[in-house]
Amino acid sequence: MASGVTVNDEVIRVFNDMKVRKSSTSDEVKKRKKAVLFCLSEDKKKIIVEEGKQILVGDIGETVDDPYACFVNLLPLNDCRYGLYDATYETKESKKEDLVFIFWAPEGAPLKSKMIYASSKDAIKKKFTGIKHEWQVNGLDDIQDRMTLADKLGGNVVVSLEGKPL
């Protein structure tokens with residue numbers, strides 16, 4: 001069921017910036033988003049970029065030690081969100097980077113919020129072309145363990161995530 005919610009152009013721009021890895025100067029790379037959260041606007045009519053809820057590549061090693069743990073900490077415990085996480089991982093064969101679309105719907109979120117986020121998910125997913133990994137998460141237990149993300153990315157062939165062995 002569609003909710004009639006639209007996707008703000010800024011959301012699409014952020015997605016395209018994260019998806020396209022063009023050769024960049026080191027300053028441009030530092031400004032690239034590693035992770036970002038999207039929420040519904042106050043009037044519940046648009047999906048927008050959530051202010052201040054992002055991790056930049058340049059933050060890693062500066063203000064952020066573990067980008068995955070930092071991303072988990074951005075998630076609100078009592079409301080839904082959509083997220084994009086640019087996962088860097090290694091398999092036995094190679095290093096990889098993939099965008100993961102996350103639908104965060106914690107048990108503590110109000111039922112009305114869960115319903116509108118669930119019914120609006122297709123609107124944002126249609127704009128995010130080429131996403132290989134989608135993950136619905138219903139609580140911190142599901143997301144805190146990085147092995148769960150590793151399973152989504154490639155199961156037992158993944159040997160490290162964000163430079164940390166599994």
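Now for a quick tour of the structure. (Residues numbered from 1 in each chain as written. Predicted model: local features only at pLDDT ≥ 70, side-chain atom pairs only at ≥ 80, totals over all residues. Heavy atoms only, no water.)

### Examining the overall build of the protein
Inference 1: Within the protein, the regular secondary structure consists of six helices and eight strands.
Inference 2: Beginning at the N terminus, the succession of helices and strands in the protein can be written as β-α-α-β-β-α-β-β-α-β-α-α-β-β.
Inference 3: Rg of the C-alpha trace for the protein: 16 Å, near the compact-globule value of 15 Å for 166 residues, within the 12% margin.
Inference 4: The dimensions of the protein, computed from C-alpha atoms along their principal axes, are 45 × 35 × 30 Å.
Inference 5: Nonlocal contacts in the protein, meaning residues at least 24 apart in sequence, comprise 64% of its contacts between residues at least 6 apart.
Inference 6: About 9100 Å² of surface is accessible on the protein, with carbon and sulfur atoms providing 49% of the total.
Inference 7: Where the 27 positive side-chain charges of the protein centre and where its 27 negative ones centre are 4 Å apart. (Helix = DSSP H or I, 4+ residues; strand = E, 2+ residues; numbered from the N terminus. Rg over C-alpha atoms; globule rule 2.2 N^0.38 Å. Contact = heavy atoms within 4.5 Å. Areas by Shrake-Rupley, 256 points an atom, 1.4 Å probe, with all protein chains shown as cover. Lys, Arg positive; Asp, Glu negative; His and termini not counted. Charge placed at Lys NZ, Arg CZ, Asp CG, Glu CD.)

### Let's talk about the layout of surface pockets
Inference 1: Each pocket or cavity is described by its volume, and for the second largest pocket that value is around 190 Å³.
Inference 2: Looking at the lining of the second largest pocket, the elements that each hand over two or more residues are β2 (33-40) and α4 (111-127).
Inference 3: Classifying every residue of the lining of the second largest pocket gives five nonpolar, two polar and four charged. (1 Å grid on protein atoms, 1.4 Å probe; cavity = no way out; pocket = protein on both sides within 12 Å on 5 of 7 lines; lining within 4 Å. Points joined across faces, edges and corners; volume = space filled by probe spheres on them. Nonpolar A, V, L, I, M, F, W, Y, C, P; charged D, E, K, R; others polar.)

### Comments concerning α4
Inference 1: If you check α4, its first and last C-alpha atoms are 25 Å apart, about what 17 residues at 1.5 Å a residue would give, namely 24 Å.
Inference 2: Maximum bend of α4: about 35°, positioned at Ser120. (Expected span 1.5 Å × (residues − 1). Bend = angle between axes of the 7 residues up to and from the residue.)

### Section: the pairing of strand β3 (residues 46-56)
On any regular strand, side chains alternate: one points to one face of the sheet, the next to the other face.
Inference 1: Pairing between strand β1 (residues 6-7) and β3: two bridges, direction parallel. Note on β3: the bridge partner recorded for Val7 is Ile47.
Inference 2: As defined by bridge partners, β2 adjoins β3 across six bridges and the pair is classed as antiparallel. Residue pairing across strands places Cys39 opposite Ile48, the latter belonging to β3. (Pairing = 2+ DSSP bridges.)

### As for the side chain of Ser41
Inference 1: Residue position: Ser41 is located in the loop between β2 and β3.
Inference 2: The class for Ser41 is buried, based on a relative accessible area of 11%.
Inference 3: At a separation of 2.6 Å, a polar atom in the side chain of Ser41 contacts the side chain of Asp43.
Inference 4: Side-chain polar atoms of Ser41 contact the backbone nitrogen of Lys45, separated by 3.4 Å. (Buried < 20%, exposed > 50% of the residue type's maximum accessible area, 1.4 Å probe, protein only. Polar contact = N/O pair within 3.5 Å; in protein donor to acceptor, adjacent residues only side chain to side chain.)

### What to know about the pattern of salt bridges
Inference 1: Counted by the stated rule, this structure contains nine salt bridges.
Inference 2: The salt bridge partner of Asp79 is Arg81, with a shortest N-O separation of 3.6 Å.
Inference 3: What makes Asp79 partly exposed here is its relative accessible area of 22%.
Inference 4: Here Lys121 makes a salt bridge to Glu134, at a shortest N to O gap of 2.9 Å. Placement of the pair is Lys121 in helix α4 and Glu134 in strand β6 (residues 133-137), with a sequence separation of 13 residues. (Salt bridge = Lys/Arg side-chain N within 4 Å of Asp/Glu carboxyl O.)

### Focus on the environment of Pro106
Inference 1: Residue placement: Pro106 occurs in the loop between β5 (95-104) and α4.
Inference 2: Using a relative accessible area of 3% as the deciding quantity, one classes Pro106 as buried.
Inference 3: Along the backbone, Pro106 and Leu140 are 34 residues apart, and their C-alpha atoms lie at a distance of 7.8 Å.
Inference 4: Not counting residues within four places of it along the chain, the set of residues in contact with Pro106 comprises Pro76, Leu77, Asp79, Cys80, Lys114, Val137, Asn138 and Gly139.

Shape descriptors only; they carry no functional weight alone.
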